[in-house]
Amino acid sequence: MWAYIRLNEAIARQRGRLFCWSAVCLGGGVGFYFALPVEPDVTLLSILALICGICLIIPFFSNETLSPLFAGAGLILAGLLVAATHARTSAAPVLTYRYYGPVEGRVIAVDRSLTGKIRMTLDQVLLAEVAPDRTPEKVRISLHGDADPDAEIRYPGYIALRPEPGQHVVLTANLSPPPGPAEPGGFDFRRFAWFQKLGAIGYTRTPVLQIGPPRLNGVQVRVNHLRGQLSERVRTRIPGEAGAFAATITTGDRSSMSIETTDALRASNLSHLLAISGLHMGLLTGFVFASIRLFLALIPGMALRLPIRKIAAVAAMITGAVYLALSGGNVATVRAFIMVSALFIAVLLGRRALTLNSVALAALIVLLITPEALPGPGFQMSFAATTALVVVFGGLQRAEVNTWLPRWLRPVFAVLVSSFIAGAATAPIAAAHFNQVAQYGLLANVLSVPVMGVLVVPAGVLAFLLEPLGLGWIGFLVMEAGINWILWVAEFVSGLEGAVWKVPTPGPLVLPLIALGAIWLILWNGRLRGAGILLFFSGFYVWALVERPFILIAESGRMMGVLMPEGRAVVKARGDGFAVRTWLENDGDTASQEEAAARSGFQDYAGFKAYRLAGQNIILLSGRGVSDQISDLCQPGNMLIYGGRTEGFPDLTDCHFLTARDLRQSGSLAIYGQTVAGTELEIVSAEEVAGRRLWTSRPTRTRYRQADQ
């Protein structure tokens, strides 16, 4: 009875925050789905749906103490069911082998790869000798060689086709299934590709040919085509990197951004200026709201006859909706649009809008529409920054801090506080996903964010309004000046000594512990509020104890990396560049692949790279002459790894021999060290960690015992 009374008191204190907890519960269910090791079958999902329905119905007939508990349990199950349902409805054919040959399709999106190459996404795909029911719904192809419009060296007189949404193209390409993680537990591109219905990725070095006029049927293609035209118009008016920046913040088209500029913005913590999110949406709609309200107020008698504040709010919402469509509709933009819409709807209803309830409403809508966004950095950073800003500025408003400051100092104070709070809230998430912390991010934001709000966004609106009159150059000129300042700040700050602090990738529990601790500290009312601090710092403690794999082996079987005191050493300076770059980033290592290959640590074993661990020689075979030496190398206590063809190889029984076929089944491998007994190697495969999910293949057991000697 005593426990029930205490529970009743605790629940009663949360009455004003229960709606916020509903978003937390739904998100928890979505996160639990993605953490499952095995995909739940239809029978289990049906049972869970029945339990979920019961839990959501009980609150209508239960008392005030038990109702929130049943509702929370029901929402957790609802989150799992929403994610599972969305995953099943996203099913599309996935290529199961490497393909080289003709590819025909329609361009629906254009962007850039991590290496800076232009790449295009195709739908309506046709592949030679591939049945329609096995042909991927979408493929993504990077343009290299003669297909690259940016290439400086090509055949005389040849002009490469610059892809645009709507074009019907044909080309010869190398396609592969979406790759698995570069290391066990790492980012799984297959999951991302599954929800995008992306069935294959690849590249081409041969010319891309356009067939017939563009096919602009479909809302997505029409919007992307319009985005491409607007981007080209902006880049025409503003040349160089400033034009690429302007196109990015206008339409979300990053295809013209250089790697150097992107890296500088990321190192200075200004990359959020490229993501069309709350800052851009708030500045744009706020500028439109204030401008229209001021314009109507200047008309004699208008303010007395019409509700100009509500008219301006409606106009601002329409502007935000158009901007959302043109920007590509990523998670941050959708969240920002929902937030500003809630604000302006509150204006229409005469209510207060900037509350945690509006943040929770935005989270619920985004999770119901795109539950797969939850594990991504965009969702996490967007809601972390917004929640922190609402909480802090709400507290400052209650404390009436603004009344203590001179009027001219209040905007400066707001910029400083917002930059610091948003940066602090997103820093753990950015560090976990991108393995770096921008040391001088506050300085860069203080110097850049005001310019973004005062010059760049208003000038951009002015430019598009004056463009039909032929006077858009006025706005573009001011916009270019502001962007050049931001790019200079990014270059200056990123060039400072110690601008970037590299950190290792955390384990899977770190971010959930940090997030749950912060949420608990913000939302919970009562004596147990301090538990949030314990959870929050527990996440950082677990992060500090993270153990990086001692040995990593790429899925190709042609690359191996060993963690040494000075950093990870790799066997070759070229090849498997993406895997090696991922390994080094996850280690928190700033070295390049060439520098990692120059590190000592490997032994020369019969002309091949080897490392001895737990009484075994782990040998990476490569080059010619492998088949002639394989019998001598296969000795008790040796583990051989070979990524080439094994036709004509003898049967090997005295050692562990991993072939390319084995690695295709298991994925990349990680060795964390020897066991206490020291008689076996514990090898973890990417497929084991990923589990049996819709987007993965069946995992292969990868525990190898030392051969008897």
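The rules we used
Residues numbered from 1 in each chain as written. Predicted model: local features only at pLDDT ≥ 70, side-chain atom pairs only at ≥ 80, totals over all residues. Heavy atoms only, no water. 1 Å grid on protein atoms, 1.4 Å probe; cavity = no way out; pocket = protein on both sides within 12 Å on 5 of 7 lines; lining within 4 Å. Points joined across faces, edges and corners; volume = space filled by probe spheres on them. Helix = DSSP H or I, 4+ residues; strand = E, 2+ residues; numbered from the N terminus. Core = buried A, V, L, I, M, F, W, Y, C linked by side-chain atoms within 4.5 Å. Buried < 20%, exposed > 50% of the residue type's maximum accessible area, 1.4 Å probe, protein only. Nonpolar A, V, L, I, M, F, W, Y, C, P; charged D, E, K, R; others polar. Pairing = 2+ DSSP bridges. Axes fitted to C-alpha atoms, helices over the stretch in contact; angles between N-to-C directions. Contact = heavy atoms within 4.5 Å.

## What to know about the layout of surface pockets
By volume, the second largest pocket is sized at about 530 Å³. Looking at the lining of the second largest pocket, the elements that each hand over two or more residues are α7 (240-251), α9 (278-298), α11 (308-326) and α16 (441-466).

## Thoughts on the nonpolar core
Grouped together as the largest cluster of nonpolar side chains are 40 residues, with contacts concentrated most on Y33, F34, F379, F383 and W695. When residues of this core are traced back to their parent elements, those giving at least two are α2 (18-35), α3 (42-57), α4 (67-89), α5 (189-196), α12 (331-349), α13 (356-369), α14 (377-398) and α18 (510-523). Take this core: its biggest share by element is 8 residues, from α13. A579, W583, Y611 and L658 belong to the second largest nonpolar core, which has 32 residues in total.

## With respect to empty space enclosed by the protein
Counted according to the given criterion, the structure contains 1 cavity of 30 Å³ or more. Every residue lining the largest cavity is listed: S90, A92, P93, V94, A193, W194, K197, L198 and G199. Mapped by element, the contributors of at least two residues to the lining of the largest cavity are α5 and β5 (198-204). Here the residues of the lining of the largest cavity sort into 6 nonpolar, 2 polar and 1 charged.

## Description of the sheet that holds strand β13 (residues 608-613)
Strands sit in the order β12-β13-β14-β15-β16 across an open sheet of 5 strands; the sheet is mixed. Of all strands in the sheet, those with a lone pairing partner are β12 (603-605) and β16 (656-658), marking the two edges. Each strand of the sheet is rotated relative to its neighbour by a mean of 30°, with strand direction disregarded. Sheet analysis places β13 next to strand β14 (residues 616-621), joined by 5 bridges and oriented antiparallel.

## Here we look at helix α20 (residues 577-587)
The α-helix advances 3.6 residues per turn, and as a result positions three or four apart in sequence lie on the same side. Within the span of α20, buried status applies to A579, V580, T582, W583, L584, N586 and D587. Check the buried side of α20 and you find it contacts β9 (551-553), β10 (560-564), β11 (567-570) and α21 (593-597). Phi turns positive one or two residues past the end of α20, at G588, with a value near 75°.

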